[in-house]
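Coordinate analysis (summary)
Letter by letter, the chains look like this.
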Amino acid sequence: MTDEEERMEVLLDHYRSPHNYGKIENPTAELMEYNPVCGDTVQIFLIVENRKIREIKFMGRGCSVSQGSASMLTDLVGGKTVDEAMSIAPEQIVDMIGLPLGPSREKCALLPLNALQKCLKKAGFGKV
Amino acid sequence: MPFWERIKEDFPIFHNLGENFTYLDSAATSQKPYSVINALSDFYSRHNSNVHRGIYRLSEEATDLYGRSRENVSRFIGSSDPRQIVFVRNTTEALNLLAYSLGHDLVEGDEILLTIMEHHSNIVPWQFLQEKGVRIKYADIREDGTLDMDDLASKISPRTKIVSVTHVSNVLGTINPVAEIGRIAHDNGSIFIVDGAQSVPHMPVDVGRIGCDFMAFSGHKMLGPTGIGCLYGRIDLLEKMRPFMGGGEMIREVYTDHSTWADVPEKFEAGTPDIAGAIGLSAAVDYLRNLGMENVRDHGRELMRITFSLESEAGIPGLISYGPRNPDIRGPVYAFNIGSIHPMSVEESLADRGVGLGTVVHPHDVASTLDGKGVAVRSGHHCAMPLTHRINAVATSRASYYIYNTPEDVRRLFHSLEHTVKVYSR
């Protein structure tokens with residue numbers, strides 16, 4: 001298996017059996033992000049305590065890149081501080097997936113990060 | 001009959017990209033044969049100069065070649081007078097020209113009747129006219145993907161000034177009964193426009209028999225170069241219309257305070273035109289005429305028959321395809337999904353709807369996986385968002401065929417789809 005095939009398998013594992021999939025009742029914040037062009041949708045649920053992400057879940061539908069990226073992102077930010085989550089750069093997500101995505105699929109990859117950061121802002125954790 | 005299996009040999013891209021490349025996106029743009037590529041090269045190597053202005057021999061040559069290209073295209077679509085062909089960039093520009101020029105005379109409350117299966121290029125230019133109170137209506141489709149003619153007839157009114165419809169849908173493949181729609185439009189006193197982007201490349205098209213006032217089409221979808229397209233318009237109508245763009249070539253005289261216009265079609269061709277493009281398009285027309293447009297149509301119909309038959313044989317779980325099942329009223333376009341992702345609005349919530357993991361393979365994943373197998377298909381809304389939503393999908397994948405595609409290409413599509421479903425099943 002080549003390196004790229006391995007990374008593809010990792011992404012597909014996240015897509016087929018996403019981590020942290022589901023809904024949180026009474027979340028600190030919740031937000032849905034939607035791309036009308038392709039229909040990719042990610043809804044983020046957060047419980048934040050002492051500026052730390054104690055729990056994160058998502059629901060979504062869409063392509064393997066958007067949904068796999070959402071699953072990986074929830075693994076990445078669980079337990080992190082909101083400031084750490086807010087400072088994740090788009091390049092980190094692209095690197096985390098590690099596949100040659102091309103410009104149109106990069107949008108799919110970044111949808112969950114946008115959703116998370118908008119969700120944190122909505123809850124008042126944006127950078128001042 | 002043309003020897004279809006050998007046509008790929010006329011197209012250098014298939015030689016260069018090798019046998020494992022299967023191009024199924026000709027509804028977006030076609031590949032180009034040597035004769036078209038050589039016509040461009042020949043023009044730039046031997047005849048290049050500007051048209052209409054030089055007194056010298058070379059410019060006369062270029063003007064002559066440009067004019068002969070116009071005559072050739074005019075004959076190809078059954079136009080009785082080459083002055084009825086206006087060279088533009090593409091179908092989109094032709095329709096924008098019409099919306100601008102015809103739209104100038106429309107007033108508040110006037111109506112434009114379109115269909116729900118239009119490409120954005122036959123929607124958005126008309127939407128610009130909504131600012132002045134012009135209303136747009138859309139004739140609906142039936143469940144089988146054909147145009148609902150009763151709905152069309154019910155939506156035409158004394159205020160309907162323009163009826164503009166696509167000849168062949170770029171998603172459903174539906175071939176619309178344009179001659180019949182033309183009669184309805186003309187009985188109502190409406191101007192009748194046909195978007196021929198997906199018909200002129202694929203079937204015999206005769207503007208006289210259709211009875212349209214205008215027809216728009218693109219060169220690049222019919223083996224020609226990008227950057228050249230045509231607006232056919234009835235000469236008496238073109239003569240009455242105001243110009244679209246101003247500049248050189250389109251004027252007779254210019255004074256500091258006013259100008260007068262050149263005759264049709266130059267009145268609509270401001271600036272140096274795409275001379276080489278027109279010559280390339282003419283070479284494409286020669287190539288197609290040599291194959292015979294009836295033969296081209298038969299080939300497309302045959303590929304659709306094979307598609308439907310392989311579709312039932314393959315039994316791919318969750319496969320949904322769109323458009324009429326009768327190959328006689330169907331252009332060579334096959335839009336499909338593996339499971340359906342419905343459109344939704346931002347007000348909705350996934351959790352509230354209980355949307356969970358299903359057996360859907362997103363069109364992006366379909367296209368990426370097919371690409372990995374060397375099969376090029378398009379995924380998205382194909383510039384027809386209202387139609388995509390009308391068929392209750394957020395996007396579709398689309399395979400579209402042309403003269404160089406073979407039954408083997410269709411088989412590769414279905415083999416690759418079987419592989420795709422295996423990869424993504426969850």
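Residues numbered from 1 in each chain as written. Chains lettered and ligands numbered in written order. Predicted model: local features only at pLDDT ≥ 70, side-chain atom pairs only at ≥ 80, totals over all residues.

Concerning the overall build of chain B
- Within chain B, the regular secondary structure consists of 15 helices and 15 strands.
- A compact globule built from 426 residues should have a C-alpha radius of gyration of about 22 Å, and chain B, at 23 Å, falls within 12% of that.
- With respect to the principal axes defined by its C-alpha atoms, chain B has extents near 70 × 55 × 35 Å.
- Residues classed as buried in chain B amount to 47% of the 426 residues present.
- Long-range contacts, defined as pairs at least 24 residues apart, comprise 69% of the intrachain contacts of chain B with a sequence gap of at least 6. (Helix = DSSP H or I, 4+ residues; strand = E, 2+ residues; numbered from the N terminus. Rg over C-alpha atoms; globule rule 2.2 N^0.38 Å. Buried ≥ 20, exposed ≤ 12 C-beta atoms within 10 Å, placed from the backbone. Contact = placed C-beta atoms within 7 Å.)

Quick look at the nonpolar core
- With 108 residues, the main nonpolar core has Cys 212, Met 215, Cys 230, Leu 231, Ile 279 and Ala 284 of chain B as its most contacted residues.
- Lining this core are residues from two domains, each supplying at least three of them: domain 1 (4–31 + 292–424) and domain 2 (36–290) of chain B.
- Excluding anything up to four places from it in sequence, Ile 279 of chain B contacts Ala 39, Phe 43, Leu 65, Tyr 66 and Ser 69 of chain B.
- Counting 35 residues, the second largest nonpolar core, distinct from the first, contains Val 42, Ala 70, Ala 85 and Leu 113 of chain A. (Core = buried A, V, L, I, M, F, W, Y, C linked by C-beta atoms within 7 Å. Domains from an automatic or database assignment.)

Some thoughts on unusual backbone geometry
- Each neighbour pair has its own omega, and for Val 264 of chain B with Pro 265 of chain B the value is 5°, a cis peptide bond.
- Looking at where Pro 265 of chain B falls in the secondary structure, it is placed in the loop between β10 (259–261) and α10 (275–291).
- A positive phi angle, near 55°, is found at Asn 20 of chain A, a position not held by glycine.
- Inspection of the secondary structure puts Asn 20 of chain A in the loop between α1 (3–16) and β1 (29–34).
- With 18 C-beta atoms packed within 10 Å, Asn 20 of chain A lands in the partly exposed category.
- Non-glycine residue Leu 223 of chain B carries a positive phi angle of around 80°.
- Assignment of secondary structure puts Leu 223 of chain B in the loop between β7 (214–218) and β8 (229–233).

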